[in-house]
Amino acid sequence: MVIITATDIVYEIQGRELLQVEQLQMNKGDVIGVVGRNGSGKTSLVNILAGKIKPAKGEVVTASSVRLVPQLKRNSSFKSGGELTQEYLNAAYVHRPELLLLDEPTTNLDT
């Protein structure tokens, strides 16, 4: 079962094309990792798929519930980075999304 499709995505920052995706499709049960150098558009792609930012061109069609655990989280003087990440993961799981997008989920994650 297809849960998300992205077609003809173009994303630009200050007139520079950062991403160009002809077609991306995810099916229920897929586990996908996005790998690339810093600044190559990984976070932008995840945010486009989550509907947090709009591409300059193209469309994203979701047939399921989507939740995003972002890379940049709020600061706290009372919780560690790992505790904050766990808090974001728990908040996402409560909604039982069919598609869970994790942007650098192991950053600061405690044991």
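For the structure given in this document, a descriptive report is provided here.

The rules behind each value
- Residues numbered from 1 in each chain as written.
- Predicted model: local features only at pLDDT ≥ 70, side-chain atom pairs only at ≥ 80, totals over all residues.
- Heavy atoms only, no water.
- Helix = DSSP H or I, 4+ residues; strand = E, 2+ residues; numbered from the N terminus.
- Contact = heavy atoms within 4.5 Å.
- Areas by Shrake-Rupley, 256 points an atom, 1.4 Å probe, with all protein chains shown as cover.
- Lys, Arg positive; Asp, Glu negative; His and termini not counted.
- Charge placed at Lys NZ, Arg CZ, Asp CG, Glu CD.
- Salt bridge = Lys/Arg side-chain N within 4 Å of Asp/Glu carboxyl O.
- Buried < 20%, exposed > 50% of the residue type's maximum accessible area, 1.4 Å probe, protein only.
- Core = buried A, V, L, I, M, F, W, Y, C linked by side-chain atoms within 4.5 Å.
- Pairing = 2+ DSSP bridges.
- Axes fitted to C-alpha atoms, helices over the stretch in contact; angles between N-to-C directions.
- Expected span 1.5 Å × (residues − 1).
- Arc of directions from axis to C-beta.

### Observations concerning the overall build of the protein
The number of helices and strands found in the protein is 2 helices and 5 strands. Listing every helix and strand of the protein by position from the N terminus yields β-β-α-β-β-α-β. By principal-axis analysis of the C-alpha atoms, the protein measures approximately 45 × 35 × 20 Å. Considering only residue pairs separated by 6 or more positions, the protein has 58% of its internal contacts joining residues 24 or more positions apart. As displayed, the protein offers around 7,600 Å² of accessible surface, 48% of which is attributable to carbon and sulfur atoms. Taken as two groups, the 12 positive and 12 negative side-chain charges of the protein have centres that lie 5 Å from each other.

### Observations concerning the pattern of salt bridges
Considering all chains together, one arrives at 1 salt bridge under this definition. The shortest N-O distance in the salt bridge between Lys79 and Glu87 comes to 2.2 Å. Here Lys79 falls in the partly exposed class, since its relative accessible area comes to 37%.

### Concerning the nonpolar core
Core analysis: the largest hydrophobic core is formed by 16 residues, its most contacted members being Met26, Leu49, Leu99 and Leu101. Where this core is concerned, the elements lending two or more residues are strand E1 (2–13), strand E2 (16–27), helix H1 (42–49) and strand E5 (99–102). Residues within four places of Met26 in sequence aside, it is in contact with Met1, Val2, Ile3, Ile4, Ile32, Leu49 and Leu99.

### Structural notes on the sheet that holds E2
Taking strand neighbours across the sheet as the criterion, the 3 strands line up as E2-E1-E3 in an open arrangement whose pairing is antiparallel. Of all the strands in the sheet, just E2 and strand E3 (57–62) have a single pairing partner and so form its edges. Ignoring strand direction, the axes of neighbouring strands in this sheet form an average angle of 15 degrees. The pairing of E1 with E3 spans 5 bridges and is classified as antiparallel. Across the sheet, Thr7 pairs through a bridge with Glu59, a residue of E3. Packed on one face of the sheet, H1 meets E1, E2 and E3 and runs near 50 degrees to E2.

### So, helix H2 (residues 81–94)
For H2, which comprises 14 residues, the first-to-last C-alpha distance of 20 Å matches the rise-based estimate of 20 Å (1.5 Å per residue) to within 8%. Of all the residues in H2, the buried ones are Gly82, Leu84, Thr85, Leu89 and Ala92. One side of H2 holds all its buried residues, which, seen down the axis, span an arc of 165 degrees. Those residues of H2 that are buried lie in contact with strand E4 (66–69) and E5. Note on H2: the residue one or two positions beyond its end, Arg96, has a positive phi of about 50 degrees.

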